[in-house]
Amino acid sequence: MTFFLLASIAKIIAIFTAIMVGVALITWVERRVCAFMQDRLGPNRVGPLGLLQPAADGLKNLVKEETYPRRADFWLFLLAPAAAFVPALLTFAVIPFATPLPTPWGTVDMVVADLPVGFLYILAISSLGVYGIVLAGWSSNNKYALLGGLRASAQMISYEIAMGLSVVAVLLLAGNVTLSDVVARQQQGLWFVLPLAMAFGIFLIAAFAETNRVPFDLPEAEGELIAGYHTEYSAMKFSMFYIAEYSNMVTASALMASLFFGGWDIPFTTWDDAPPWTIGKTLATLAAFSAKVAAFLFLYIWVRWTLPRFRFDQLMALGWKVLLPFAIAYLTIIATAIWYLRARLGWTYGAGFCGALLALNLVLGAVVVWGLDRGRVVAGTARPAGGRVGGA
Amino acid sequence: MAIGVKVMKRPTRETSYLRATLGGMALTFRHLWRPKVTMQYPEEKSTNDWTITPRWRGTHRMLTDEQGRAKCVACGLCPQICPANCIKLVPGEDEQGHRYPLIYEIDEFRCIFCGYCQEVCPEEAIHVGVHYENAEYERGRFVYDLERLCAQTHPVSTLWDPSDPKGE
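Computed from a predicted structure; not experimentally measured.

Structural notes on the overall build of chain A
Piece 1. When helices and strands are tallied, chain A shows 12 helices and 2 strands.
Piece 2. Counted from the first residue to the last, chain A has its helices and strands arranged as α-α-α-β-β-α-α-α-α-α-α-α-α-α.
Piece 3. Relative to the globule expectation of 21 Å for 392 residues, the C-alpha radius of gyration of chain A, 22 Å, shows essentially globular dimensions.
Piece 4. Taking the principal axes of its C-alpha atoms as reference, chain A extends roughly 70 × 70 × 40 Å.
Piece 5. The proportion of buried residues among the 392 residues of chain A is 43%.
Piece 6. For chain A, contacts bridging at least 24 residues in sequence account for 77% of all contacts bridging at least 6.

Topic: the overall build of chain B
Piece 1. The number of helices and strands found in chain B is 5 helices and 5 strands.
Piece 2. At 27 Å, chain B has a C-alpha radius of gyration far larger than the 15 Å of a compact globule built from 168 residues.
Piece 3. When burial is assessed residue by residue, chain B has 20% of its 168 residues classed as buried.
Piece 4. For chain B, restricting intrachain contacts to residue pairs at least 6 apart in sequence, the fraction spanning at least 24 positions comes to 71%.

Topic: the sheet that holds strand 2 (residues 87-93) of chain B
Piece 1. Spatially, 3 strands are ordered 2-3-5 (chain B) in an open sheet, and the strand pairing comes out antiparallel. Only two strands of the sheet have a single partner each, and these edge strands are strand 2 and strand 5 (143-144) of chain B.

Considering helix 7 (residues 197-210) of chain A
Residue and element names in this part refer to chain A.
Piece 1. In this model helix 7 runs 20 Å from its N-terminal to its C-terminal C-alpha over 14 residues, within 8% of the 20 Å that 1.5 Å per residue would give.
Piece 2. Burial within helix 7 is extensive, with 12 of its 14 residues counted as buried.
Piece 3. Here helix 7 has its buried residues at M198, A199, F200, G201, I202, F203, I205, A206, A207, F208, A209 and E210.
Piece 4. N212, located one to two residues past helix 7, shows a positive phi value of around 60 degrees.

Description of the packing of helix 4 (residues 118-139) of chain A against helix 5 (residues 143-174) of chain A
Residues and elements named next belong to chain A.
Piece 1. Two elements in contact, helix 4 and helix 5, have axes separated by 8 Å at closest approach and are oriented at 170 degrees. Judged by the inter-axis angle, helix 4 sits roughly antiparallel to helix 5. The residues of helix 5 that touch helix 4, namely those facing F119, L123, S127, V130, I133, V134, A136, G137 and W138, are A145, L146, G148, G149, L150, A152, S153, M156, E160, G164, V167 and L171.
Piece 2. Residues that form the contact of helix 4 with helix 5 fall into these classes: 14 nonpolar, 6 polar and 1 charged.

Remarks on the environment of Y17(B)
Residue and element names in this part refer to chain B.
Piece 1. Residue position: Y17 is located in helix 2 (residues 17-32).
Piece 2. On the neighbour-count criterion, Y17 (16 C-beta atoms within 10 Å) is partly exposed.
Piece 3. Considered as a pair, Y17 and C114 are 97 residues apart in the sequence and their alpha carbons are 52 Å apart.

Comments concerning the confidence of the model for chain A
Piece 1. On average, residues of chain A score 83 in pLDDT, and 95% of them are at 70 or above.
Piece 2. Segment residues 379-392 of chain A is flagged for pLDDT under 50; beyond a separation of four residues in sequence, or across chains, it makes 33 contacts in the model.

Re helix 11 (residues 312-344) of chain A
Residues and elements named next belong to chain A.
Piece 1. Between its terminal C-alpha atoms helix 11 stretches 45 Å, which fits the 48 Å expected from 33 residues at 1.5 Å a residue.
Piece 2. Of all the positions in helix 11, only L315, A317, L318, G319, V322, L323, F326, A327, Y330, I334 and I338 are classed as buried.
Piece 3. The inward-facing, buried residues of helix 11 abut helix 5 and helix 7.
Piece 4. Looking one or two places after helix 11, you find G346, whose phi comes out positive at around 70 degrees.

Things to note about unusual backbone geometry
Piece 1. With a phi angle near 60 degrees, D39(A) is a residue other than glycine that sits in the positive phi range.
Piece 2. Within the secondary structure, D39(A) is located in the loop between helix 1 (2-37) and helix 2 (53-63).
Piece 3. Here the phi dihedral of N85(B) falls at roughly 55 degrees; this positive angle occurs in a residue that is not glycine.
Piece 4. Looking at the element boundaries, N85(B) is found in the loop between helix 3 (77-81) and strand 2.

Things to note about the nonpolar core
Piece 1. Within the largest apolar cluster, 106 residues are counted, with the highest numbers of intra-cluster contacts made by V170(A), L196(A), I202(A), F203(A), A206(A), M256(A) and F260(A).
Piece 2. Membership of the second largest hydrophobic core comes to 18 residues, among which are M62(B), A70(B), A74(B) and L89(B).

A word on the confidence of the model for chain B
All names here are of chain B.
Piece 1. When pLDDT is averaged along chain B, the result is 85, and 94% of the positions lie at 70 or above.
Piece 2. Helix 3 holds the highest mean pLDDT among the elements of chain B, 91, whereas helix 1 (residues 12-15) holds the lowest, 66.
Piece 3. Interface confidence for the predicted complex, given as ipTM, is 0.74, next to a pTM of 0.80.

Brief notes about the environment of V193(A)
Residues and elements named next belong to chain A.
Piece 1. As for its position among the elements, V193 is in the loop between helix 6 (179-188) and helix 7.
Piece 2. The exposure class assigned to V193 is buried, which follows from the 21 C-beta atoms found within 10 Å.
Piece 3. Expressed as a C-alpha distance, the spacing of V193 and F261, which sit 68 residues apart in the sequence, is 6.1 Å.

Focus on the packing of helix 3 (residues 74-90) of chain A against helix 4 of chain A
All names here are of chain A.
Piece 1. At a closest axis distance of 8 Å, the pairing of helix 3 and helix 4 adopts a crossing angle of 160 degrees. The pairing of helix 3 with helix 4 is recorded here as roughly antiparallel in orientation. Classified by chirality, the crossing of helix 4 by helix 3 is left-handed. Contacts between helix 3 and helix 4 pair L76, F77, L79, A80, P81, A83, A84, F85, P87, A88 and L90 from the former with I125, S126, L128, G129, Y131, G132, I133, L135, A136 and S139 from the latter.
Piece 2. For the contact of helix 3 with helix 4, the residue count by class is 17 nonpolar, 4 polar and no charged.

Quick word on the pairing of strand 1 (residues 58-62) of chain B
Residue and element names in this part refer to chain B.
Piece 1. Among the 5 residues that make up strand 1, 5 are buried, leaving the element largely enclosed by the rest of the structure.
Piece 2. Sheet analysis places strand 1 next to strand 4 (residues 126-129), joined by 4 bridges and oriented antiparallel. The residue of strand 4 that forms the bridge with M62 is I126.

Notes on the environment of P276(A)
All names here are of chain A.
Piece 1. Among the structural elements, P276 can be located in the loop between helix 9 (235-260) and helix 10 (279-304).
Piece 2. With 7 C-beta atoms counted inside 10 Å, the residue P276 sits in the exposed group.
Piece 3. Distance in space between the C-alpha atoms of P276 and P102 is 8.8 Å, their sequence separation being 174 residues.

Conventions adopted
Residues numbered from 1 in each chain as written. Chains lettered and ligands numbered in written order. Predicted model: local features only at pLDDT ≥ 70, side-chain atom pairs only at ≥ 80, totals over all residues. Helix = DSSP H or I, 4+ residues; strand = E, 2+ residues; numbered from the N terminus. Rg over C-alpha atoms; globule rule 2.2 N^0.38 Å. Buried ≥ 20, exposed ≤ 12 C-beta atoms within 10 Å, placed from the backbone. Contact = placed C-beta atoms within 7 Å. Pairing = 2+ DSSP bridges. Expected span 1.5 Å × (residues − 1). Axes fitted to C-alpha atoms, helices over the stretch in contact; angles between N-to-C directions. Parallel < 35°, antiparallel > 145°, perpendicular 65-115°, else oblique. Nonpolar A, V, L, I, M, F, W, Y, C, P; charged D, E, K, R; others polar. pLDDT = per-residue confidence, 0-100. Core = buried A, V, L, I, M, F, W, Y, C linked by C-beta atoms within 7 Å. Left-handed = near helix turned anticlockwise from the far one by under 90°.

Rendered as structure tokens:
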């Protein structure tokens, strides 16, 4: 029991530190990548390659003056950054990030809390994140902040549903909601991104919307709402929203890696999947997991500096009229396929099972891409006469 | 849409949201590897692509003769022509009848850097300079007196010559 407590505390501290350092690095990477995409150099002055830029920014934010709008709701205004920040970190608790680590006192699972209801916990906690943003918008007593907060709530609720439904497909295939089981299941068959490619597509889009990143950054929308929900925030509180946004990105990336890209699994090998656990395996799988998360983070940044922002009606139309029905239809098809393969053909779960689903996904994907490409689902730059706006 | 807006029929490849998105992603990715155009300013003040033009009109410089005296003969043409009225000149005269400036001050805050002073000067004494790093800690330091104008070492501006418009 004592060992469990100590190990848990150590893991919490390690993960907290890793995420904080990671977030600091991502702010730097974001600015550098953005600059490189625009043929500039970006921050390269503080420290080698500008790596200490986040430290300089943090120091600046700590010593800057905090301003409070005169008629703001003081306590909620104070609470909001924390409310945005905490759920972002809490979610990470159930994500397994490496193989168990053997120690002289016993084996330690490389996940802070391997909850039996893992994914439900994630859905529950990540929905809490919207409170921080809505409270910030409302308590600032600022019309732009309020609009940002309203948009955030509408957007997050809309996309939460599609996200949840897309994950149901994963859970059907995994047969469990514990994330470590989902990861283990992917090692027996294929990574779920293959048999459930379309679910991954939906999840990816919804994850972008959930983290308020371009092209779904309407809650901040600097062109329209100044800075949206954090317009009135200054110094460290503003910084907290930043950290919350980036922590959310890290968590969403980790989720995508766990649910669809085999978690800490190293591809094309099996030596890392089974006991006996060694420190080498733990480190190697941790590296694999980090690499996957980093790849998704790069995707976030890449998309941000490429795409323009959606209009609000397009956002809502995409969420409710496209993603939601699409997710339901896809879920139906996948559930039927899994049932058919299992009950009628008597296949057991494995690589072949996943391969059959992959073939199904390729067919579906071809149809969807064909439809998307012709503006049948999302309208392109020019609409046909009669003007169907956005929807299908 | 309530109002019937006529929308041109365009081929799919021009209107596809999907292809536009992927094309954009490819474009930004290619730009990651392009050479960067940033000039690292304090270390690097000119590159092969960019050097400051010799016709740049910056803060003034007073040229001096062999004895180190200002070439100025206090004729009064520069304060006369100055559109911003930023040149203060009090003329003096020595025993041999040579005129020289007792006080010659240029308020660089008022100056609009038109270069008329250089153009009008019969002795080629006052010049605008090819210089742009002028930061000071006090406002008062921006009134340059004669001593300071003579002490400047930066190159002087080449004004536009109507008979040689391209500077050849």
